[in-house]
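# Close look at the chain arrangement
In case you want the letters, here they are:
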Amino acid sequence: MQTTKPYTISKQVVLEAYKKVKANRGAAGVDEETIKDFEQDLKGNLYKIWNRMSSGSYFPPAVLRVEIPKDDGKKMRKLGIPTVSDRVAQMVVKMYLEPALEPVFHEDSYGYRPEKSAIDAVGKARERCWRYDWVLDVDIKGFFDNIDHELIMKAVRRHTDCKWILLYIERWLKAPVQLKDGTLEGRDKGTPQGGVISPLLANLYLHYAFDEWMRRRLPDTPFERYADDIVVHCKTELETQKVKEFLEKRLGECKLELHPEKTKIVYCRDEKRQREYCNTSFNFLGYTFRARLARTRKGDFFVNFSPGASNKSKKRLMDKMREMEIQRKSRTSLEDLAEMINPILRGWINYFDKYHKTSIYSIRYRVDNILANWALNKYKSFNRSRKKAHDWLGEIAKRDPNLFAHWRIGVRTVAEQ
């Protein structure tokens, strides 16, 4: 009796893949199975994934279609949520394939990569905006939905001849999407945002569609790319216009399209660059780049072109705060509120206080307003006086400035002064 499998896949890798999926959390897919449900028979479920993948009989279930609001609050972004089992299977392939792709990727590709981050991309863009007067703010229309299956498989085959990796990536690309009403929608292009393997495939696609093309055709034109969010730096307006035309043609060859309204040419206007132009700011990874008042080490003020937390980023944070309905939790203690909201505040502040810290100062007052509403509902002795509630919070902030993460905004340590 033959017991060997046609494909050699490590059981240990399957276990490690599950641990990574668990750490990333995520919602249930079409089978409505949560990670907690999956763990009820963890050993059996992991064996089933390994057995099917090793035998070539693993077929991914449909991906659950979920829509979330885009930044503008008007349009919806389509996400595809795989089942927990499918996320583990995708993670297995990612763990085998990523080490082969990572050394190949461009140094200015920052998205979804080990040892690289969004804040690294923001910092590099900031540095280059000081040296280059113009920016092409690139937006690719419906990128994840328009990835060409034939081209992405050609790119994957260039870096691996592992039959089971190729087999399962192709199956994931073709897996249908299940809509809200339960109907299935077939796919002949695109890879769903929300899939574990999708970011790696997206990076590989744009590596050849954009990064490598820029390196060959425009080696002296620097850029930063985080997934499909791209900033290109140019010396003159004419050069920027030409890059836009070249890129439009190149992306067309790769079955992609520049968004006609969102792709724009930006002039990095500051104290020394005083030309009038229609676009003098752009958004990149939650930051708005524009002219801002800054101070030298000697204390002199000047205007430079730099990033600060965007208004959209601030609005998203405050929307999240409001969704928690803190003002209604009058039976909750202040300390418990801090435990509830500090993880959200801390993560947001740690990301946005890297550049132009004064751009996030207003968040302190806005969050305190929410806490004041909570205090007014909890303590009737304030007699609905907002001033009394704010004064009370102020006294607590003096005694225990570390209770809430946002109370450290705008406070400089002795070492920083």
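Report follows, based on the coordinates.

Looking now at the overall build of the protein. Along its length, the protein carries 13 helices and eleven strands. The dimensions of the protein, computed from C-alpha atoms along their principal axes, are 80 × 60 × 45 Å. Of all 417 residues assigned to the protein, the portion counted as buried reaches 47%. Intrachain contacts of the protein at a sequence separation of at least 6 include 67% that bridge at least 24 residues. When the accessible surface of the protein is split by element, carbon and sulfur atoms take 48% of a total near 22600 Å². If you average the places of the 79 positive and of the 58 negative side-chain charges in the protein, the two averages end up 3 Å apart.

On to the packing of aromatic side chains, then. Going through the model one piece at a time under the given rule, you end up with 24 aromatic pairs. With 5.9 Å between their ring centres and 80 degrees between their planes, Y58 and Y168 make a pair best called edge-to-face. Taken together, the residues span a long stretch of sequence, with Y58 in the loop between α3 (42–55) and β1 (63–69) and Y168 in helix α7 (residues 163–174) at a distance of 110 residues. Neither Y58 nor Y168 differs from the other in exposure class; each is buried.

The tally for this structure, following the rule as stated, stands at 23 salt bridges. Notably, a salt bridge pairs D108 with R128, separated by 3.1 Å at the nearest N-O pair. One end of the pair, D108, is in the loop between α4 (84–101) and α5 (118–131); the other, R128, is in helix α5, with 20 residues separating them in the sequence. For the pair D108 and R128, one class covers both residues: buried.

Along its 17 residues, helix α9 (residues 237–253) runs 25 Å from first to last C-alpha, staying within 8% of the 24 Å computed at 1.5 Å per residue. Those residues of α9 lying buried are E237, T240, V243, L247, R250 and L251. One face of α9 carries all of its buried residues, which in axial projection span an arc of 140 degrees. Away from its buried face by more than 90 degrees, α9 exposes L238, E245 and K249. For α9, the secondary structure elements touched by its buried residues are β3 (134–139), α8 (198–217), β7 (229–234) and β8 (264–267). Directly beyond the C-terminal end of α9, a positive phi value near 65 degrees is found at K255.

Attention now goes to a negative patch on the surface. Side chains of E335, D336, E339 and D400 sit close together on the surface and give a patch of like negative charge. Here D400 shows up in the segment after α13 (386–399). The partly exposed category is assigned to D400, whose relative accessible area is 35%.

Right, let's get into unusual backbone geometry. Even without a glycine there, the phi angle at E325 is positive, about 50 degrees. Relative to the assigned elements, E325 resides in the loop between α10 (311–323) and α11 (334–352). Positive phi outside glycine occurs at N383, with the angle close to 50 degrees. For N383, the location among the structural elements is in the loop between α12 (361–378) and α13. In this structure N383 comes out as exposed when scored by relative accessible area, which is 57%.

Attention now moves to the sheet that holds strand β10 (residues 287–295). Backbone-to-backbone hydrogen bonds pair the strands of a sheet. The strands run either parallel or antiparallel. Ordered in space as β9-β10-β11, the three strands form an open sheet in which the pairing is antiparallel. Each edge of the open sheet carries a strand with a single partner, namely β9 (282–284) and β11 (301–309). Within the sheet, the average angular offset between the axes of one strand and its neighbour, ignoring direction, is 50 degrees. When β10 meets β11, the two strands line up antiparallel, connected through nine bridges. Note on β11: the bridge partner recorded for R295 is F301. Contacting β9, β10 and β11, α5 runs over the sheet at an angle of about 60 degrees to β10.

The description of two packed helices rests on the angle between their axes and on the distance between the axes. The N-to-C vectors of helix α1 (residues 11–24) and α3 enclose an angle of 120 degrees; their axes lie 10 Å apart at closest approach. The pairing of α1 with α3 is recorded here as oblique in orientation. Seen along the crossing, α1 lies across α3 with a hand that is right-handed. Between α1 and α3, the residues in contact are K11, V14, L15 and Y18 and L42, L46, Y47, I49 and W50, respectively. Across the contact of α1 with α3, the residue classes break down as eight nonpolar, no polar and one charged.

Rules behind the numbers
- Residues numbered from 1 in each chain as written.
- Predicted model: local features only at pLDDT ≥ 70, side-chain atom pairs only at ≥ 80, totals over all residues.
- Heavy atoms only, no water.
- Helix = DSSP H or I, 4+ residues; strand = E, 2+ residues; numbered from the N terminus.
- Buried < 20%, exposed > 50% of the residue type's maximum accessible area, 1.4 Å probe, protein only.
- Contact = heavy atoms within 4.5 Å.
- Areas by Shrake-Rupley, 256 points an atom, 1.4 Å probe, with all protein chains shown as cover.
- Lys, Arg positive; Asp, Glu negative; His and termini not counted.
- Charge placed at Lys NZ, Arg CZ, Asp CG, Glu CD.
- Phe/Tyr/Trp six-rings, centres within 6.5 Å; stacked < 30°, edge-to-face > 60°.
- Salt bridge = Lys/Arg side-chain N within 4 Å of Asp/Glu carboxyl O.
- Expected span 1.5 Å × (residues − 1).
- Arc of directions from axis to C-beta.
- Patch = residues over 30% accessible without salt bridge, like charges linked within 9 Å, V, L, I, M, F, W, Y side chains within 5 Å.
- Pairing = 2+ DSSP bridges.
- Axes fitted to C-alpha atoms, helices over the stretch in contact; angles between N-to-C directions.
- Parallel < 35°, antiparallel > 145°, perpendicular 65-115°, else oblique.
- Left-handed = near helix turned anticlockwise from the far one by under 90°.
- Nonpolar A, V, L, I, M, F, W, Y, C, P; charged D, E, K, R; others polar.

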